[in-house]
Amino acid sequence: MSLRRKIKLAGLYATSLLQNGRNAEFFRDVRTYCIFIGYPRTGHSLIGSLLDAHPRMIIAHEMDALIFLQHGFSRNQIFHLILENSKKMAAAGRRHSGYSYEVPNQWQGRFDKLEVLGDKKGARTAMGLYRDPDLLDLLSKIDKELKFVHVIRNPYDVLATMTRRSRRKTLDSNIDRLFKLCSGIAALKKRLPPEQIFDLRLESFVAAPKFHLEQLCSFLGVEADHRYLEDCASIVFKSPKKSRFDIQWNAQSILKVRDGIEAFNFLAGYSYDDEIAASTNRRLLDAGPAYR
């Protein structure tokens, strides 16, 4: 860890420790801690921002709470940092990667009664759990009910966006990374009861955002009223971008991804062929939510 990073952590530790006592009353009703797991470029920023707009939820953006746990921060210190992160992001219009995820008329950066807190750092958390499964025991120090949100997107689209946005990494290296993340999540699923993990396909969410957002809120233990669902749905894009067509693929890479998809049941039905993927997502939507 760099000296600059150590100094920053030390400063955050001192600040959050000072605020710990002052803000403790904000956290007395918190029942659930929400953890995003998954992959880069899958819509985590969108989903996290929509949840943060709920009057009973605060979801930090890219805070990486695991780092703070590993460095001895207490639960309430981390809760304080999550709250400050949410406030800062809301003041900046909840912008990320050139997009604004600001939900009109709702509660981003503030709350009515705080019952759910969480952090959106899906790929980093999944990779951390892949490298060190014992990090799950570290998360238990939060001492609240843990709920995991697993956002999934067609791997061909994920890989295309990863490759296009990072010139330092090749398509093949991104394929290896993606399926390491899948392995970490598969291992986590074996250790946790199904009701602790919510699988959410981005394609299905975009097709019916109010339906899936209501189910996700229910999973986290809060109700979603009509106005909240309408306002959130108003910022959801009309269809997920088919990023796979933005890069050149060779037959070997397409087959390598296909073989990786077949190794994980939570990726079932995804394909380079849009019709196969669309058919699977329609079937999942008709079947309703599943906590797999």
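Residues numbered from 1 in each chain as written. Predicted model: local features only at pLDDT ≥ 70, side-chain atom pairs only at ≥ 80, totals over all residues. Heavy atoms only, no water.

A.B. asks: Help me understand the overall build of the protein, please; the structure alone is not making it clear to me.
C.D. replies: Each helix and strand in the protein was counted, giving 13 helices and 7 strands. Dimensions of the protein along its principal axes, counting C-alpha atoms only, are 60 × 45 × 35 Å. Among the 292 residues that make up the protein, the fraction classed as buried is 53%. Approximately 13900 Å² of the protein is accessible, and the part contributed by carbon and sulfur atoms is 50%. For the protein, the distance from the average site of its 46 positive side-chain charges to the average site of its 33 negative ones is 6 Å. (Helix = DSSP H or I, 4+ residues; strand = E, 2+ residues; numbered from the N terminus. Buried < 20%, exposed > 50% of the residue type's maximum accessible area, 1.4 Å probe, protein only. Areas by Shrake-Rupley, 256 points an atom, 1.4 Å probe, with all protein chains shown as cover. Lys, Arg positive; Asp, Glu negative; His and termini not counted. Charge placed at Lys NZ, Arg CZ, Asp CG, Glu CD.)

A.B. asks: Help me understand the packing of helix α8 (residues 171-191) against helix α12 (residues 251-262), please; the structure alone is not making it clear to me.
C.D. replies: When two helices pack together, their arrangement is captured by the angle between the axes and the distance separating the axes. Between α8 and α12, the least distance of the axes is 11 Å, while the angle of their chain directions is 0 degrees. Classified by the angle their axes make, α8 and α12 are roughly parallel. Two secondary-structure elements touch here, α8 through L171, D172, I175, D176 and F179 and α12 through S253, K256, V257, G260 and I261. Within the contact of α8 with α12, the residues separate by chemical class into 5 nonpolar, 2 polar and 3 charged. (Axes fitted to C-alpha atoms, helices over the stretch in contact; angles between N-to-C directions. Parallel < 35°, antiparallel > 145°, perpendicular 65-115°, else oblique. Contact = heavy atoms within 4.5 Å. Nonpolar A, V, L, I, M, F, W, Y, C, P; charged D, E, K, R; others polar.)

A.B. asks: In this structure, what is going on with the pattern of salt bridges? I would like to understand it.
C.D. replies: Opposite charge on two side chains allows them to pair when their charged atoms are near. Scanning the model with the defined rule gives 18 salt bridges in all. The salt bridge involving E145 is made with K147; its shortest N-O contact spans 3.9 Å. Members of the salt-bridge network, linked through shared partners, are R31, R56, K113 and E115. (Salt bridge = Lys/Arg side-chain N within 4 Å of Asp/Glu carboxyl O.)

A.B. asks: Where do I start with unusual backbone geometry in this structure?
C.D. replies: The general pattern is negative phi for most residues beyond glycine and trans for most peptide bonds. Although it is not a glycine, R41 sits at a positive phi angle of roughly 60 degrees. Given a relative accessible area of 33%, R41 falls into the partly exposed group.

A.B. asks: Explanation requested: the sheet that holds strand β6 (residues 145-152) in the structure shown.
C.D. replies: Backbone hydrogen bonds hold the strands of a sheet together, and the pairing may be parallel or antiparallel. Pairing within the open sheet is parallel, and its 5 strands lie in the order β2-β5-β1-β6-β7. The two strands at the open ends of the sheet, each matched to only one other strand, are β2 (57-61) and β7 (197-201). The sheet shows a mean angle of 20 degrees between the axes of neighbouring strands, direction not considered. Here strand β1 (residues 32-37) runs beside β6; their pairing, made up of 6 bridges, is parallel. When the bridges of β6 are listed, T32 appears paired with E145. Packed on one face of the sheet, helix α4 (residues 75-91) meets β1, β2 and β5 (116-120) and runs near 80 degrees to β2. (Pairing = 2+ DSSP bridges.)

A.B. asks: Teacher, can you tell me more about the pairing of β5 here?
C.D. replies: Here is the key point about a regular strand: its side chains alternate between the two faces of the sheet. With respect to burial, β5 is a largely interior element, 5 of its 5 residues being buried. Residues of β5 alternate between two faces, with V116, G118 and K120 on one and L117 and D119 on the opposite face, all of them buried. Alignment of β1 against β5, held across 4 bridges, turns out to be parallel. Bridged to C34 within β5 is G118. For β2 and β5, the ladder comprises 5 bridges, and the chain directions are parallel. Pairing of A60 across the sheet is with D119, part of β5.

A.B. asks: Just checking my understanding: could you explain empty space enclosed by the protein for this structure?
C.D. replies: Vacant regions in the atomic arrangement are exposed by a probe of water-molecule size rolled over the atoms. Overall, the coordinates contain 2 cavities of 30 Å³ or more when judged by the stated rule. Here the largest cavity is characterised by a volume of approximately 70 Å³. Taken together, Y33, C34, I35, D64, A65, L66, D119, T125 and L139 form the lining of the largest cavity. Among the elements of the structure, β1 and α3 (65-70) are those that each provide at least two residues to the lining of the largest cavity. (1 Å grid on protein atoms, 1.4 Å probe; cavity = no way out; pocket = protein on both sides within 12 Å on 5 of 7 lines; lining within 4 Å. Points joined across faces, edges and corners; volume = space filled by probe spheres on them.)

A.B. asks: In this structure, what is going on with the environment of V151? I would like to understand it.
C.D. replies: Within the secondary structure, V151 is located in strand β6. Sequence-distant contacts of V151, that is, excluding residues within four places in its chain, are made with F36, I37, G38, Y39, T42, H44, I47 and L200.

A.B. asks: Before we go on, may I ask you to explain the layout of surface pockets in this structure?
C.D. replies: By volume, the largest pocket is sized at about 1300 Å³. Lining of the largest pocket is provided by 47 residues; of these, Y39, P40, R41, T42 and H96 occupy positions nearest its centre. Among the elements of the structure, α2 (44-52), α3, β4 (99-100), α5 (122-131), α7 (155-165) and α8 are those that each provide at least two residues to the lining of the largest pocket. Considering every element that reaches the lining of the largest pocket, the biggest residue donor is α5, with 7 residues. Considering only residue class, the lining of the largest pocket consists of 15 nonpolar, 16 polar and 16 charged. Of the pockets and cavities examined, the second largest pocket occupies roughly 370 Å³. Lining the second largest pocket are 16 residues, and of these K8, E62, M63, F68 and N85 sit closest to its centre. The dominant element in the lining of the second largest pocket, judged by the number of residues it contributes, is α4, at 5 residues. In terms of residue class, the lining of the second largest pocket is built from 6 nonpolar, 2 polar and 8 charged.

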